[in-house]
Amino acid sequence: MEDAVSDAVNTGGSGAAAPILVAIDGPAGSGKSSVSRAAAERLGFGLLDTGAAYRALAWAALENELDLDDEVLVAELVESWGYVTTLVGEPAIEVVLPAAIGVKGHDVTDAIRDPAISGQVSRVSKHPVVRARLNEMFRRIVAESELPGVIIEGRDITTVVAPDAPVRILMTASPEVRAARRAGELQGADHEQVLADIMARDAKDVLVVDFMNPAPGVTLIDTSDLDFGQSVQAVIDVVQAAQSTAAEESGK
């Protein structure tokens, strides 16, 4: 029996050619989210922000008063909730709680960006079963999108979520550059504190995933010396090169 997620994800039907998948990984503050969105718009692709799904799951678990550290309960929630996301245009996230399947969902686009939610995301994302089930959901969203291509960005995208994607990119930058960018986004932020936070986040992330060295077949884009426009163009260049190669091979 199909789960409620399949019913709730409204991204299109079957019959269209499979979209080109562009997988983008990167450490905190690397700019992958903003660069991915701009590149997707210029390419006419959709954008799937996997981090938003984990935020939405944390929100739903808290709304259902679940223990976020209980892998079984959180995994059961993934099987029974509804998750709707836009792939094109302004980001919009809707969640249908298990007890309310079949009725209008909750618009959580803004709520999931609340620091109170951000601080709880790691409690749901740490569960292997939960990550596996969300990865299945991500693949289904892309497959049903009916778009010419989809950029999917987040954690473990190039190695776990979409290891067979024709375009896989690891976007990185030095800690100092990432701290400067992040501090510039936060009014009144102290650069040294932001740098310390990023270094601590890197130390934690490296225990799980290598964000500095690309896996075999993954293209490294170091944006340390690139501005925003140049970073976007670097992604587009990699995608268009892959498209050209695919076109040449199909014509042989």
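Identification of the protein as Cytidylate kinase from Leucobacter coleopterorum is taken from an unreviewed UniProt entry. Checking UniProt for the protein, the heading Sequence similarities (unreviewed entry) contains the comment "Belongs to the cytidylate kinase family. Type 1 subfamily." Per UniProt, the comment on the protein under Subcellular location (unreviewed entry) is "Cytoplasm".

A few words now on the overall build of the protein. Tallying secondary structure elements over the protein gives 11 helices and eight strands in all. The buried share among the 252 residues of the protein stands at 44%. Taking as baseline every contact in the protein between residues at least 6 positions apart, the subset at least 24 positions apart corresponds to 75%.

What the five strands build is an open sheet, ordered 2-6-1-7-8; its pairing is parallel. Since the sheet does not close on itself, it has two edges, and those belong to strand 2 (46-49) and strand 8 (219-222), each with one partner. Pairwise comparison of adjacent strand axes, ignoring direction, gives a mean angle of 25 degrees for this sheet. Relative to strand 7 (residues 167-172), strand 1 (residues 20-25) runs parallel, the two sharing four bridges. In the sheet register, V22 faces strand 7, and the bridge partner there is V167. Helix 7 (residues 128-143) rests against strand 1, strand 2 and strand 6 (149-154) of the sheet, and its axis sits at about 170 degrees to strand 2. The strands touched by helix 11 (residues 228-250) are strand 1, strand 7 and strand 8; relative to strand 7, the strand with the most contacts, the crossing angle is about 165 degrees.

Our focus in this paragraph is the environment of S145. Following the sequence through the fold, S145 ends up in the loop between helix 7 and strand 6. Here the alpha-carbon distance between S145 and L87, two residues 58 residues apart in the chain, equals 8.0 Å.

Looking now at helix 2 (residues 32-43). In this model helix 2 runs 16 Å from its N-terminal to its C-terminal C-alpha over 12 residues, within 8% of the 16 Å that 1.5 Å per residue would give. What helix 2 keeps buried is the set K32, V35, S36, A38, A39, A40 and L43. On its buried face, helix 2 is in contact with strand 1, strand 2, strand 6, strand 7 and helix 11. Downstream of helix 2 by a residue or two, G44 has a phi angle that is positive, lying close to 75 degrees.

With that out of the way, let us pick up the nonpolar core. In this structure, L57, W81, Y83, V95, L134 and F138 are the most contacted members of the largest nonpolar core, which totals 41 residues. Those elements that provide at least two residues to this core are strand 1, helix 3 (50-63), helix 4 (71-80), strand 4 (93-96), helix 6 (121-125), helix 7, strand 6 and helix 8 (157-161). With nine residues, helix 3 is the largest single contributor of residues to this core. Beyond its immediate sequence surroundings of up to four residues, L134 is in contact with Y54, L57, V78 and W81. In this structure, I24, A40, F45 and I221 belong to the second largest nonpolar core, which totals 20 residues.

Side chains bearing opposite charge may pair, as long as their charged atoms lie close to each other. In the structure shown here, the tally under the stated rule is seven salt bridges. Among the ionic pairs, R133 bridges to E79, the shortest N-O distance being 3.3 Å. Taken together, the residues span a long stretch of sequence, with R133 in helix 7 and E79 in helix 4 at a distance of 54 residues. When its relative accessible area of 34% is taken as the criterion, E79 is described as partly exposed. For the salt bridge of D156 with R131, the shortest nitrogen-to-oxygen distance reads 3.0 Å. Of this pair, D156 sits in the loop between strand 6 and helix 8 while R131 sits in helix 7, and the two are 25 residues apart along the sequence. The class for R131 is buried, based on a relative accessible area of 16%.

About the criteria used
Residues numbered from 1 in each chain as written. Predicted model: local features only at pLDDT ≥ 70, side-chain atom pairs only at ≥ 80, totals over all residues. Heavy atoms only, no water. UniProt positions renumbered as here; feature names shortened; annotations may be inferred. Helix = DSSP H or I, 4+ residues; strand = E, 2+ residues; numbered from the N terminus. Buried < 20%, exposed > 50% of the residue type's maximum accessible area, 1.4 Å probe, protein only. Contact = heavy atoms within 4.5 Å. Pairing = 2+ DSSP bridges. Axes fitted to C-alpha atoms, helices over the stretch in contact; angles between N-to-C directions. Expected span 1.5 Å × (residues − 1). Core = buried A, V, L, I, M, F, W, Y, C linked by side-chain atoms within 4.5 Å. Salt bridge = Lys/Arg side-chain N within 4 Å of Asp/Glu carboxyl O.

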